[in-house]
Amino acid sequence: MPWEVGVVAEGLAEAGERRIGWAARAMPVLTALGERFAGERPFDGLRIAACLHVTAETAVLLGALRAGGAEIALAASNPLSTQDDVAAALETYGIAVHARAGVDRGTYYRHIHQALDISPNIVLDDGCDLVNILHTERVELLDTVAGGCEETTTGIIRLRQMASENALRFPVVAVNDTRTKRMFDNRYGTGQSTLDGIMRATNVLLAGRTVVVAGFGFCGRGVAERARGLGARVIVTEIDPVKALDATLQGYEVQPMGRAAEIGDVFVTVTGNRDVIRAEHLAAMKDGVILANAGHFDVEIDVRALEEAATAVRFGIRPNTDEYVMADGRRLLLLSEGRLVNLTAAEGHPAAVMDMSFSAQALAVAWLARSTWLAEESVRLPPGVHDVPAEIDAEVARLKLAAADVEIDTLTDAQERYLHSWRLGS
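Residues numbered from 1 in each chain as written. Predicted model: local features only at pLDDT ≥ 70, side-chain atom pairs only at ≥ 80, totals over all residues. Heavy atoms only, no water.

**Remarks on the pairing of strand S8 (residues 233–237)**
Next up, step 1: Most of S8 sits out of view: 4 of its 5 residues are buried.
Next up, step 2: Of the strand pairs in this sheet, strand S7 (residues 210–214) and S8 are connected by 5 bridges, and their pairing is parallel. Residue pairing in the sheet places valine 211 in a bridge with valine 234 of S8.
Next up, step 3: Following the chain from S7 across helix H9 (residues 218–229) to the adjacent parallel S8, one finds a crossover that is right-handed.
Next up, step 4: Pairing between S8 and strand S9 (residues 253–254): 2 bridges, direction parallel. By the bridge assignment for S9, isoleucine 235 is matched with glutamate 253. (Buried < 20%, exposed > 50% of the residue type's maximum accessible area, 1.4 Å probe, protein only. Helix = DSSP H or I, 4+ residues; strand = E, 2+ residues; numbered from the N terminus. Pairing = 2+ DSSP bridges. Right-handed = clockwise from strand over helix to strand, strands pointing away.)

Set out below in structure tokens:
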């Protein structure tokens, strides 16, 4: 029975509760923040509209914000990553959920509009679609929005462009750009979950295969590291000379996509840009190559060019795997329709990783509320993209270390004085 908003299939919410409970076991920091928020109630009267992946880990985040008094409406940032049982369980928490797995593009945008109908004070976005709609189709709501948070590289790219054109009407916190987020979520989370999705979809043996990773940012670096650790030969493609040099000095082969297309067995795009794999690359690829995308939007692989070049398509040859047959008989395997493979063919980042990312998100929402919604107009954050305060990043790291029973050194008074004085030398 498909789950629809307001209609909870028997047993679905219970299954979602179990899934959320399992994730919460690995998220001690966020769980502790939820308990803190329940006592402090920092979000009483605050309306939050969120466009996020509807997963168990997201449910733990929203549960913490709800415990702090927020009214929340949620839409999915990707229909293929929506876990219907989690969506059903969130409804029982008093969160309005506008999401269902596998909806078409029109329904996806309709759900975002429905989440915005609460006239939010704070928005949470994964990919900037919700913020974009606010600025183009729901401008009547902008006066009620005090600020927002964005947690993806793709979303930050779009927001910085909006800010450069003076189009962004409220402050947005770049949660994606914290050190803990980039190091652990982007690198370790994306690296592991992307390869998990590829292997679940294809059952491919990566050892001895040539894996081409397009983009060597933190996400691409994580994919490359995990692939190499599984015995793959890894080729990196890049447009940034510094990142290309970094990859070279780490021992990876660096080639342009035109050359890598001829020899790769598995291709993973992680760039935040469009048309990374184009028609000319598809024409050069070997029989049986696997095409996967780990960037937020389904534009990195030119799926339309793939469809136009194919003489036949075998949809669902395996779960989340479609086979495109070329005129010369070559077969190219596209995973998850070119969408986020780690959240469609797998379950996304491990909960232990999301514990840090969503803890930073939760603390950033509290800071943003104090700096905008609750602040005097004269001291409110101005419109634009803002970094998460360094103390929030450090607090998340300290809490995570404490939860793992890891101790670190502290500076002595003499060391503190040395670091803060230009007069002291050798």
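Anyway, onward from the coordinates.
**Quick look at the sheet that holds strand S6 (residues 171–174)**
Backbone hydrogen bonds hold the strands of a sheet together, and the pairing may be parallel or antiparallel.
Next up, step 1: With parallel pairing, the 7 strands of this open sheet are ordered in space as S3-S2-S1-S4-S5-S6-S15. In this open sheet, the two edge strands, each paired with only one partner strand, are strand S3 (96–98) and strand S15 (384–387). Strand-to-strand twist in this sheet, taken as the mean axis angle between neighbours without regard to direction, amounts to 20 degrees.
Next up, step 2: Along the sheet face, helix H7 (residues 153–164) touches strand S5 (147–150), S6 and S15 and points at about 130 degrees away from the line of S15. (Axes fitted to C-alpha atoms, helices over the stretch in contact; angles between N-to-C directions. Contact = heavy atoms within 4.5 Å.)

**Observations concerning the confidence of the model for the protein**
Next up, step 1: Model confidence for the protein is summarised by a mean pLDDT of 93, while 97% of its residues fall at 70 or above.
Next up, step 2: Under a pLDDT of 50 for its full length, residues 1–8 has, in the predicted model, 20 contacts with residues more than four places off or in other chains. (pLDDT = per-residue confidence, 0-100.)

**Regarding the packing of helix H3 (residues 56–67) against helix H15 (residues 351–373)**
Relative orientation and spacing of two packed helices are given, respectively, by the angle between their axes and the distance between those axes.
Next up, step 1: The contact between H3 and H15 brings their axes to 10 Å, and the two run at 30 degrees. By the angle between their axes, H3 is roughly parallel relative to H15. Remark: the crossing between H3 and H15 carries right-handed chirality. Facing H3, whose interface residues are Glu57, Thr58, Leu61 and Leu65, H15 presents Ala351, Met354, Phe358, Gln361, Ala362 and Val365.
Next up, step 2: Here the residues of the contact of H3 with H15 sort into 7 nonpolar, 2 polar and 1 charged. (Parallel < 35°, antiparallel > 145°, perpendicular 65-115°, else oblique. Left-handed = near helix turned anticlockwise from the far one by under 90°. Nonpolar A, V, L, I, M, F, W, Y, C, P; charged D, E, K, R; others polar.)

**A few points about the packing of helix H2 (residues 28–40) against helix H16 (residues 390–403)**
Next up, step 1: Relative orientation of the contacting elements H2 and H16 amounts to 110 degrees, with a least axis distance of 9 Å. The pairing of H2 with H16 is recorded here as roughly perpendicular in orientation. The chirality of how H2 crosses H16 is right-handed. Seen from H2, the contacting residues are Pro28, Val29 and Arg36; seen from H16, they are Glu395, Leu399, Lys400 and Ala403.
Next up, step 2: Residue composition of the contact of H2 with H16, grouped by class: 4 nonpolar, no polar and 3 charged.

**Quick look at the sheet that holds strand S11 (residues 290–293)**
Next up, step 1: Across the sheet, which stays open at both edges, the 8 strands sit in the order S9-S8-S7-S10-S11-S14-S13-S12 with mixed pairing between neighbours. Lying at the two open borders of the sheet, with one neighbouring strand each, are S9 and strand S12 (310–318).
Next up, step 2: Pairing of S11 with strand S14 (residues 331–335), which is carried by 2 bridges, proceeds in the parallel orientation. Bridge pairing in S14 places isoleucine 290 opposite leucine 333.

**Quick look at the pairing of strand S10 (residues 266–269)**
Next up, step 1: A two-sided burial pattern is seen for S10, the buried positions comprising Val266 and Val268 on one face and Phe267 and Thr269 on the other.
Next up, step 2: In this structure, S7 lies alongside S10, joined through 4 bridges in parallel fashion. From the neighbouring strand, valine 212 faces S10, where its bridge partner is phenylalanine 267.
Next up, step 3: Both S10 and S11 contribute to a ladder of 4 bridges, which runs parallel. In the strand pairing of S11, valine 268 is matched with alanine 292.

**Things to note about the packing of aromatic side chains**
Next up, step 1: Counted under the stated rule, the structure contains 4 aromatic pairs.
Next up, step 2: An angle of 65 degrees between the planes, with centres 5.6 Å apart, marks the rings of phenylalanine 216 and tyrosine 252 as edge-to-face. Of the two residues, phenylalanine 216 is situated in the loop between S7 and H9 and tyrosine 252 in the loop between helix H10 (241–249) and S9; the sequence distance between them amounts to 36 residues. Comparing phenylalanine 216 with tyrosine 252 shows no difference in burial state: the two are buried.
Next up, step 3: Between arginine 221 and the ring centre of phenylalanine 218, over which it is positioned, the NZ or CZ distance is 5.2 Å.
Next up, step 4: Looking at arginine 228, its charged tip hangs above the ring of tyrosine 252, at a distance of 4.0 Å from the centre. (Phe/Tyr/Trp six-rings, centres within 6.5 Å; stacked < 30°, edge-to-face > 60°. Lys NZ or Arg CZ within 6 Å of the ring centre and 35° of its normal.)

**Describing the pattern of salt bridges**
Next up, step 1: Enumeration according to the criterion identifies 27 salt bridges in this entry.
Next up, step 2: For arginine 278, the salt bridge is made with glutamate 280, and the minimal N-O distance between the two is 2.8 Å.
Next up, step 3: Note on arginine 278: relative accessible area 34%, which makes it partly exposed.
Next up, step 4: When salt bridges that share partners are traced, they join Arg19, Asp85, Asp196, Arg200 and Glu347 into one network. (Salt bridge = Lys/Arg side-chain N within 4 Å of Asp/Glu carboxyl O.)

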